[in-house]
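As a plain string of letters, each chain reads:
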Amino acid sequence: MAIHNLGSINIDHFYSVPHLPAPGETLAATAYGIGLGGKGANQSTAAAKAGARTVHIGAVGPEGAWTVERLNGAGVDTTHVSVLETPTGHAIINVDATGENAIVLFPGANLALPFPKVVSALSEAAPGDTLLLQNETAHQEKAARHGRDLGLRVVYSAAPFDPTAVRAVLPFTTLLILNAVEAEQLCAALDTTIEALDVPEILITRGAQGAEWRHRDGNRAFAPALSVKAQDTTGAGDTFAGYFCAGLDLGQKPQAALAWAAKAAALKVTRRGTADAIPSAAEVAAFGT
Ligand code: ATP
């Protein structure tokens, strides 16, 4: 079994600034940091660190080679990450003294991967494998349709929320993953309720309120959030999604996978950073025991 993740790879540039820049202002940052980011890279990192065979399908530009090495270091198979002429997707993240941020995102190579590359990567997938998608790449609808036709479990982490993309991908989705805000946005956009959504499985994460999974056959599972001293919740949702998918891929029942993902996400929340702060299965096992 394997998880094939058509996902974004971003370079995150963090600038500490005294205040967020005003129009026309030039501002000196007091600190700078760089890291691997993007929902796709985060979720691949989490799934691989959980121990699932994880194949990332994506693209970077010529200056993004280190991000691919970083994914490799986390155990992700990067055979199907293309190097294109388009610059690597990146985020300019200004954070002021109060923690408020302002972000400029350039999707870059994430939107430039040709669809035949996706088809070629999925030619190695076997029925029952997982195809994981988010909303930071191109080709979600075509990939989801192709994945469904190949007999894959299509898992759609519908973030950042985009009503057009959700409408297009939902008919091919096996498991839809949303946070609480996205669940509300989806219901408003489709003028429906979560209960009435026509999708086999739904996972909703609710921050410190925990997470719930429901199957349309009536099965339900719930995992409360662990009580931790939160340092940085960035990437908690991606850690949860990656661990939950990995748990199911490794043969766990939904309740067990949910509890495992909650533990992994809670441990992530105690650490600053995103992809690099996602814990390994061994760290999760040792956490809280
Ligand atoms: P993000 O966008 O910050 O990555 P998200 O909004 O997609 O996160 P959340 O629902 O906030 O996702 O969090 C995902 C899961 O992480 C929660 O279901 C919970 O298990 C865990 N989690 C999040 N915040 C906390 C917290 N403060 N304490 C413990 N666990 C948390």
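Keep in mind that what you see is a predicted model, and the values were worked out from it rather than measured.

S.K.: I tried to follow the sheet that holds strand β1 (residues 3-6) on my own but got confused; where do I start?
M.R.: Strand pairing within a sheet occurs via backbone hydrogen bonds; the two strands may be parallel or antiparallel. Read from one edge to the other, the open sheet built from nine strands follows the order β5-β4-β1-β8-β9-β10-β11-β12-β13, with strand pairing classed as mixed. At either end of the open sheet lies a strand with only one pairing partner, and these are β5 (81-83) and β13 (220-223). Sheet twist, expressed as the average angle between the axes of neighbouring strands with direction ignored, equals 15 degrees. Running at roughly 155 degrees to strand β4 (residues 54-60), helix α1 (residues 39-50) makes contact with β1, β4, β8 (130-133) and β9 (153-157) of the sheet. Sitting on the sheet, helix α3 (residues 115-122) touches β1, β4, β5 and β8, and the angle it makes with β4 is about 165 degrees.

S.K.: Would you mind showing me how to read the sheet that holds strand β6 (residues 89-95) here?
M.R.: Within the open sheet, the four strands sit side by side as β3-β2-β6-β7. Their pairing is mixed. The strands lining the two open edges of the sheet, one partner per strand, are β3 (31-37) and β7 (101-106). Across the sheet, the axes of successive neighbouring strands diverge by a mean angle of 15 degrees, strand direction being ignored. For strand β2 (residues 10-16) and β3, the ladder comprises seven bridges, and the chain directions are antiparallel. Note that in β3 the partner of Ser16 across the bridge is Ala31.

S.K.: In this structure, what is going on with the nonpolar core? I would like to understand it.
M.R.: It is characteristic of soluble globular proteins that their nonpolar side chains tend to be buried jointly. The biggest cluster of nonpolar side chains holds 35 residues, and the ones touching the most others in it are Val118, Leu133, Tyr156, Leu176, Ile194 and Leu197. The leading source of residues in this core is α3, at four residues. In this view, Leu197 contacts Leu170, Leu176, Leu186, Leu190, Thr192 and Ile202; residues no more than four positions away in its chain are not counted. Of all hydrophobic cores here, the second largest spans 33 residues; its members include Ile3, Trp213, Ala241 and Tyr243.

S.K.: Would you mind showing me how to read the site of the ligand here?
M.R.: Near the ligand, the surroundings consist of 19 residues, among which Asn179, Thr205, Gly207, Thr233 and Gly237 are the closest. In the model, an oxygen atom of the ligand is placed 2.8 Å from a nitrogen or oxygen of the Thr205 side chain. Contributing elements (two or more residues each) for the shell around the ligand: α7 (236-249) and α8 (254-269). Of the residues assigned to the shell around the ligand, the class counts are ten nonpolar, eight polar and one charged.

S.K.: Please clarify how the side chain of Thr274 should be interpreted in this entry.
M.R.: As for its position among the elements, Thr274 is in the loop between α8 and α9 (281-286). Setting aside anything within four residues of it in sequence, one finds Thr274 in contact with Asp12, Leu36, Asn42, Thr234, Gly235 and Lys268.

S.K.: Is there a simple way to explain the UniProt feature "binding site: K(+)" (unreviewed entry) in the protein in this structure?
M.R.: In the numbering adopted here, UniProt assigns the feature "binding site: K(+)" (unreviewed entry) to Asp232, Thr234, Lys268, Arg271 and Gly273. The annotated residues occupy 42 residues of the chain but converge on a single region, no pair of C-alpha atoms lying more than 9.5 Å apart. With respect to the secondary-structure elements, Asp232 resides in the loop between β13 and α7. Those residues in contact with Arg271, other than ones at most four positions away along the chain, are Gln231, Asp232, Ala277, Ile278, Pro279 and Glu283.

Thresholds applied
- Residues numbered from 1 in each chain as written.
- Predicted model: local features only at pLDDT ≥ 70, side-chain atom pairs only at ≥ 80, totals over all residues.
- Heavy atoms only, no water.
- Pairing = 2+ DSSP bridges.
- Helix = DSSP H or I, 4+ residues; strand = E, 2+ residues; numbered from the N terminus.
- Axes fitted to C-alpha atoms, helices over the stretch in contact; angles between N-to-C directions.
- Contact = heavy atoms within 4.5 Å.
- Core = buried A, V, L, I, M, F, W, Y, C linked by side-chain atoms within 4.5 Å.
- Buried < 20%, exposed > 50% of the residue type's maximum accessible area, 1.4 Å probe, protein only.
- Near = heavy atom within 4 Å.
- Polar contact = N/O pair within 3.5 Å; in protein donor to acceptor, adjacent residues only side chain to side chain.
- Nonpolar A, V, L, I, M, F, W, Y, C, P; charged D, E, K, R; others polar.
- UniProt positions renumbered as here; feature names shortened; annotations may be inferred.

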